[in-house]
Amino acid sequence: MRYPAQVLLVMAANPCPCAPNRPIDCKCPSGDKKRYFSRLSRPLLDRIDLRVEVSTPPASVILTDQSKAEPSETVAKRVARAREAAAARWAEAGQGWRLNSEVPGPALRSPEWRLSPKVTRSADELLLKERITARGYDRILKLSWTIADLAEHDGPREEDVAAASQLRIGYTMT
Ligand SMILES: [Zn+2]
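Asks: Please set out the overall build of the protein chain residue by residue, giving values where relevant.
Replies: A tally of helices and strands in the protein chain yields eight helices and zero strands. Mapped in sequence order, the helices and strands of the protein chain form the string α-α-α-α-α-α-α-α. Each of the three principal axes of the protein chain carries a C-alpha extent, and together these read 55 × 45 × 45 Å. Every one of the 174 residues in the protein chain was classed for burial, and the buried ones make up 17%. By sequence separation, contacts in the protein chain at least 24 residues apart represent 58% of the contacts at least 6 residues apart.

Here you go:
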């Protein structure tokens, strides 16, 4: 039985078995860290598009006034605009796609939507060095379009693909 579903999976893990407050206090041998992360299977991790290391906020951040931070409503409007831009673009393709994540990799690599090698250089290099899989490459392309939509660019620029590549490999968990 297949049910319609859209899944947003968010996972969190400690950086190592001892998980100290300050990374500098970690006493774990590197072998222990490797073993710790090897419990997460590679095929599972290959399906995680954004990998972000979150550090403990310093006391100064917690104790100061955060009311000047960008309000959630502003961020929500930016996201809504980006989703509208994506929906308008993919409507032209006539395939029923509305989100960048719904566009298959082969379509993004087809002559119609393919980005220039100069733009995709950072992702191309990762693929050539086998630091990412074919799936990883396509996920970087999708994310590049989203980053471009958020920045209100007409299409991904070199820096958008570089940012997407960095989010994929920035934290390698080894
Ligand atoms: Zn540790």
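Asks: Give me the packing of helix α7 (residues 134–150) against helix α8 (residues 158–169): which residues, what numbers.
Replies: The contact between α7 and α8 brings their axes to 8 Å, and the two run at 130 degrees. Accordingly, the angle class assigned to the pair α7 and α8 is oblique. Relative to α8, the crossing made by α7 is right-handed. Between α7 and α8, the residues in contact are Gly-136, Arg-139, Ile-140, Leu-143, Ser-144, Ile-147 and Ala-148 and Asp-160, Val-161, Ala-163, Ala-164, Ser-165, Leu-167 and Arg-168, respectively. Of the residues assigned to the contact of α7 with α8, the class counts are eight nonpolar, three polar and three charged.

Asks: How would you summarise the packing of helix α4 (residues 72–91) against α7 if you had to cite specific residues and measurements?
Replies: Contact geometry of α4 with α7 gives a least axis separation of 8 Å together with a crossing angle of 120 degrees. Accordingly, the angle class assigned to the pair α4 and α7 is oblique. Considering how the two elements wind past one another, α4 and α7 form a crossing that is right-handed. Between α4 and α7, the residues in contact are Arg-78, Ala-82, Ala-85 and Ala-86 and Trp-145, Thr-146, Asp-149 and Leu-150, respectively. Partitioned by chemical class, the residues of the contact of α4 with α7 number five nonpolar, one polar and two charged.

Asks: Explain the environment of Pro-111 to me, and be specific about the residues and the numbers.
Replies: As for its position among the elements, Pro-111 is in the loop between α5 (105–108) and α6 (121–128). Measuring from C-alpha to C-alpha, the distance between Pro-111 and Ala-93 comes to 13 Å, with 18 residues separating the pair along the chain.

Asks: Go over the domain arrangement of the protein chain with me, naming the residues and quoting the values.
Replies: Domain assignment breaks the protein chain into domain 1 (13–45) and domain 2 (84–169). Taking only C-alpha atoms, the centre of domain 1 and the centre of domain 2 are 30 Å apart.

Asks: How would you sum up the nonpolar core? Please name residues and give values.
Replies: Counting residues in each nonpolar core, the largest one holds 17 residues, and the members touching the most others are Ile-140, Ile-147, Val-161 and Ala-164. Elements supplying a minimum of two residues to this core: α4, α7 and α8. Top element by residues in this core is α7. It accounts for six residues. Other than its neighbours up to four places away in sequence, Val-161 contacts Val-119, Thr-120, Ser-122, Ala-123, Ile-140, Ser-144 and Pro-156.

Conventions adopted
As a convention, each chain's residues are numbered from 1 in the sequence order in which they are written. Reporting of local features is limited, given that this is a predicted model, to residues whose pLDDT is at least 70; pairs of side-chain atoms are given and counted only at 80 or more, and all residues count toward the totals for whole chains, interfaces and linings. Labels follow the DSSP assignment, with helices taken as runs of H or I lasting at least four residues and strands as runs of E lasting at least two, numbered in each case from the N terminus. Buried means a residue has 20 or more other C-beta atoms within 10 Å of its own C-beta, exposed means 12 or fewer, and partly exposed covers the counts in between; C-beta atoms are placed from the backbone. C-beta atoms are placed from the backbone for every residue, and two residues are taken to be in contact when these atoms lie within 7 Å. Lines fitted to C-alpha atoms define the axes, with helix axes restricted to the stretch in contact, and inter-axis angles between N-to-C directions lie between 0 and 180 degrees. Any angle from 65 to 115 degrees is called roughly perpendicular, while one under 35 is roughly parallel, one over 145 is roughly antiparallel, and all others are oblique. Crossing handedness follows the turn of the near helix against the far one: under a right angle anticlockwise gives a left-handed crossing, and clockwise gives a right-handed one. Polar here means any residue outside two lists: the nonpolar Ala, Val, Leu, Ile, Met, Phe, Trp, Tyr, Cys and Pro, and the charged Asp, Glu, Lys and Arg; Gly therefore counts as polar. An automatic or database domain assignment is the source of the domain bounds shown. By convention in this section, buried Ala, Val, Leu, Ile, Met, Phe, Trp, Tyr and Cys residues joined through C-beta atoms within 7 Å make up a nonpolar core.

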